Amino acid sequence: MIEAVLKEIFAEFSPAALASSLSAEDMVLTDAIARTGLPIEVFVLDTGRLHADTLALISKIRSHYGIAVKVYAPDADAVALYVAQHGPDAFYGDVELRQRCCEIRKVQPLKRALAGKAAWITGQRRQHSATRSFLNVREHDAIHGLAKFNPLADWTENQVWDYIRSNRVPYNRLYDQGYRSIGCAPCTRPTLPHEDVRAGRWWWESAEKKECGLHTNRGQSPIFPMISLIDHAR
């Protein structure tokens, strides 16, 4: 069913792109894109602080699916200035400095990646966190002036892993070490059995602040008409 949704997105919004964090969810979507054969771009934001296991998936996608992943890096001067002024790990002690780091390493490169696109696709799910509990499958991203799609919004974590196992989808081996949500190395740790899926992300912050700015709710609103299959992407 994901493939059918992607076909509808491509038919109505072209060019479209998957913003892949190389998460399990994004690997499901990458697999579905490959199965459709649609020219939906897959891009990655290489923050400069990703785990080696995460980065290894870029070449794996190229070899396994024949998809050339586009990689966007942060502005080197902006990173250097931040480090010079605050230190490389200033984000541990200050939420605003953490958000500024995310702005430089993720949000600004995303703007470049989305330039010229009509829509972007993400692997967000409602069960990820409290900040995503009201996530819509289709939204209007007013910040970038694009349609935004979250085809796995209502999927469970089990559904994601069932798909990966059934279709032999490559995935980040950090998941086998207790990670359940993986971002930059300094900002990600494995989760404990009783913790929620994103507890290992920015674990020193309160749950309601655990977003990097890529998926801010500011300026985004749901769009309900048009796509017939979009609410059945399971």
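Structural data are supplied above this passage.
Figured I'd write up the structure that's included with this text. (Residues numbered from 1 in each chain as written. Predicted model: local features only at pLDDT ≥ 70, side-chain atom pairs only at ≥ 80, totals over all residues. Heavy atoms only, no water.)

Section: the overall build of the protein chain
Helix and strand counts for the protein chain stand at six helices and seven strands. Along the protein chain, helices (α) and strands (β) appear in the sequence α-β-α-β-α-β-α-α-β-β-β-α-β when read from the amino end. Relative to its 234 residues, the protein chain shows a buried fraction of 53%. Long-range pairs, those at least 24 residues apart, make up 71% of the contacts in the protein chain with a sequence separation of at least 6. Surface exposure of the protein chain reaches about 10700 Å², of which carbon and sulfur atoms provide 52%. (Helix = DSSP H or I, 4+ residues; strand = E, 2+ residues; numbered from the N terminus. Buried < 20%, exposed > 50% of the residue type's maximum accessible area, 1.4 Å probe, protein only. Contact = heavy atoms within 4.5 Å. Areas by Shrake-Rupley, 256 points an atom, 1.4 Å probe, with all protein chains shown as cover.)

Describing the packing of helix H4 (residues 76-86) against helix H5 (residues 95-114)
Contact geometry for H4 and H5: axes closest at 10 Å, N-to-C directions at 160 degrees. Considering the angle they form, H4 stands roughly antiparallel to H5. Handedness of the crossing formed by H4 with H5: left-handed. Here Ala78, Val79, Tyr82, Val83 and His86 of H4 come into contact with H5, specifically with Leu97, Arg98, Arg100, Cys101, Ile104 and Arg105. Within the contact of H4 with H5, the residues separate by chemical class into seven nonpolar, one polar and three charged. (Axes fitted to C-alpha atoms, helices over the stretch in contact; angles between N-to-C directions. Parallel < 35°, antiparallel > 145°, perpendicular 65-115°, else oblique. Left-handed = near helix turned anticlockwise from the far one by under 90°. Nonpolar A, V, L, I, M, F, W, Y, C, P; charged D, E, K, R; others polar.)

Some remarks on the state of the cysteines
Per the counting criterion, the structure on display carries zero disulfides. The closest cysteine sulfur to the non-disulfide-bonded Cys184 is located on Cys187, 5.7 Å from its own sulfur. For Cys184, a relative accessible area of 11% translates into the label buried. Classification of Cys187 by relative accessible area gives buried; the value is 9%. (Disulfide = S-S within 2.5 Å.)

Some thoughts on the environment of Thr122
Checked against the element boundaries, Thr122 lands in the loop between strand S4 (119-121) and strand S5 (138-141). On the basis of relative accessible area, Thr122 is assigned to the buried category, the value being 1%. Measuring from C-alpha to C-alpha, the distance between Thr122 and Phe149 comes to 6.3 Å, with 27 residues separating the pair along the chain. A distance of 3.2 Å separates a polar side-chain atom of Thr122 from the backbone nitrogen of Gln124. (Polar contact = N/O pair within 3.5 Å; in protein donor to acceptor, adjacent residues only side chain to side chain.)

Here we look at the packing of helix H1 (residues 2-12) against helix H2 (residues 24-36)
As a packed pair, H1 and H2 sit with axes 9 Å apart at the nearest point and diverge in direction by 70 degrees. On the basis of the axis angle, H1 is roughly perpendicular to H2. Residue-level contacts link Ile2, Glu3, Leu6 and Lys7 of H1 to Val28, Leu29, Ala32, Ile33, Arg35 and Thr36 of H2. By residue class, the composition of the contact of H1 with H2 is six nonpolar, one polar and three charged.

What to know about the side chain of Arg125
In this fold, Arg125 is placed in the loop between S4 and S5. In this structure Arg125 comes out as buried when scored by relative accessible area, which is 1%. At 2.9 Å, the side chain of Arg125 forms a polar contact with the side chain of Glu25. Only 3.2 Å separates the side chain of Arg125 from the backbone oxygen of Trp155, close enough to count as a polar contact.

A word on H1
Because an α-helix completes one turn every 3.6 residues, residues spaced three or four positions apart along the sequence face the same direction. Among all positions in H1, only Ile2, Val5, Leu6, Glu8 and Ile9 are buried. All buried residues of H1 fall inside an arc of 160 degrees around its axis, so they share one side. Tucked into the core, H1 has its buried residues touching strand S1 (16-20), H2, S4, strand S6 (146-149) and helix H6 (157-167). (Arc of directions from axis to C-beta.)

Looking at the environment of Ala147
Positionally, Ala147 belongs in strand S6. By relative accessible area, Ala147 is classed as buried at 6%. In the structure, Ala147 is positioned 30 residues away from Lys117 in sequence and 9.3 Å away in space, judged by C-alpha atoms. Apart from residues no more than four positions distant in its own chain, Ala147 is found in contact with Phe13, Ala118, Ala119, Trp120 and Glu139.

Description of the packing of aromatic side chains
By convention here, two paired aromatic rings are described through the distance between centres and the angle between planes. Applying the stated criterion across every chain yields a total of seven aromatic pairs. A ring pair is formed by Phe43 and Tyr72, whose centres lie 5.8 Å apart and whose planes are at 85 degrees; its orientation type is edge-to-face. With Phe43 in strand S2 (residues 41-45) and Tyr72 in strand S3 (residues 70-72), this pair connects stretches of sequence that are 29 residues apart. We classify Phe43 as buried; its relative accessible area is 1%. (Phe/Tyr/Trp six-rings, centres within 6.5 Å; stacked < 30°, edge-to-face > 60°.)

Function cannot be read off these values alone, since they describe shape.
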